[in-house]
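# Chains, contacts and geometry: an overview
Each chain, written out:
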Amino acid sequence: MAAKPMTKSQLVGELAEKLGATKKIAGGYLDALCAIAYKETKKTGQFVLPGFGKLVKVQRKARTGRNPATGESIKIKAKTVVKFRI
């Protein structure tokens, strides 16, 4: 059985321990990093986290899908999504 993914509070606790800071400060760093990543990805189309990976904005084409309950064909609109690439 696979282990459960780390929660945000667990991540904040680990960051605080590694940085020798309080959980409040570590949480602030994490929130600031997320805000910066969101803003940059929206503005430039990508955000690089050196040594780890990057967030890339990608356009998905419109496509045909199926409603699993009825089996009926449905149209799925084109949309912009964010993908993480290592």
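Description of the structure in this document.

What counts and how
Residues numbered from 1 in each chain as written. Predicted model: local features only at pLDDT ≥ 70, side-chain atom pairs only at ≥ 80, totals over all residues. Heavy atoms only, no water. Helix = DSSP H or I, 4+ residues; strand = E, 2+ residues; numbered from the N terminus. Expected span 1.5 Å × (residues − 1). Buried < 20%, exposed > 50% of the residue type's maximum accessible area, 1.4 Å probe, protein only. Arc of directions from axis to C-beta. Contact = heavy atoms within 4.5 Å. Phe/Tyr/Trp six-rings, centres within 6.5 Å; stacked < 30°, edge-to-face > 60°.

## Concerning helix α2 (residues 23-44)
- Here α2 spans 31 Å end to end across 22 residues, near enough to the 32 Å set by a 1.5 Å rise per residue.
- Regarding α2, the residues found buried are Ala 26, Gly 27, Leu 30, Ala 37 and Thr 41. For α2, the arc enclosing every buried residue in end-on projection is 105°, short of the 170-degree limit, so these residues lie on one face. Looking at α2, the residues exposed on the side facing more than 90 degrees away from the buried face are Lys 24, Tyr 29, Lys 39, Lys 42 and Lys 43.
- At its buried positions, α2 is contacted by α1 (8-19), β1 (46-49), β2 (53-60) and β5 (79-85).
- One or two residues past the end of α2 sits Gly 45, with phi positive at roughly 95°.

## Thoughts on the packing of aromatic side chains
- This structure, assessed with the given rule, holds 1 aromatic pair.
- Between Phe 52 and Phe 84 the ring centres are 5.4 Å apart and the planes differ by 45°, which places this aromatic pair in the tilted class. You can see Phe 52 sitting in the loop between β1 and β2 and its partner Phe 84 sitting in strand β5, a full 32 residues away along the chain.
- With a relative accessible area of 52%, Phe 52 lands in the exposed category.
- Residue classification places Phe 84 among the partly exposed residues on the basis of a relative accessible area of 41%.

## Focus on α1
- Its 12 residues place the ends of α1 16 Å apart at the C-alpha level, agreeing with the 16 Å of an ideal helix rising 1.5 Å per residue.
- Taken residue by residue, α1 has Val 12, Gly 13 and Ala 16 as its buried positions. Viewed along the axis of α1, the buried residues span an arc of 100°, placing them on a single side of the element.
- Close packing links the buried residues of α1 with α2.
- Remark: Gly 20 follows α1 within two positions and exhibits a positive phi of approximately 70°.

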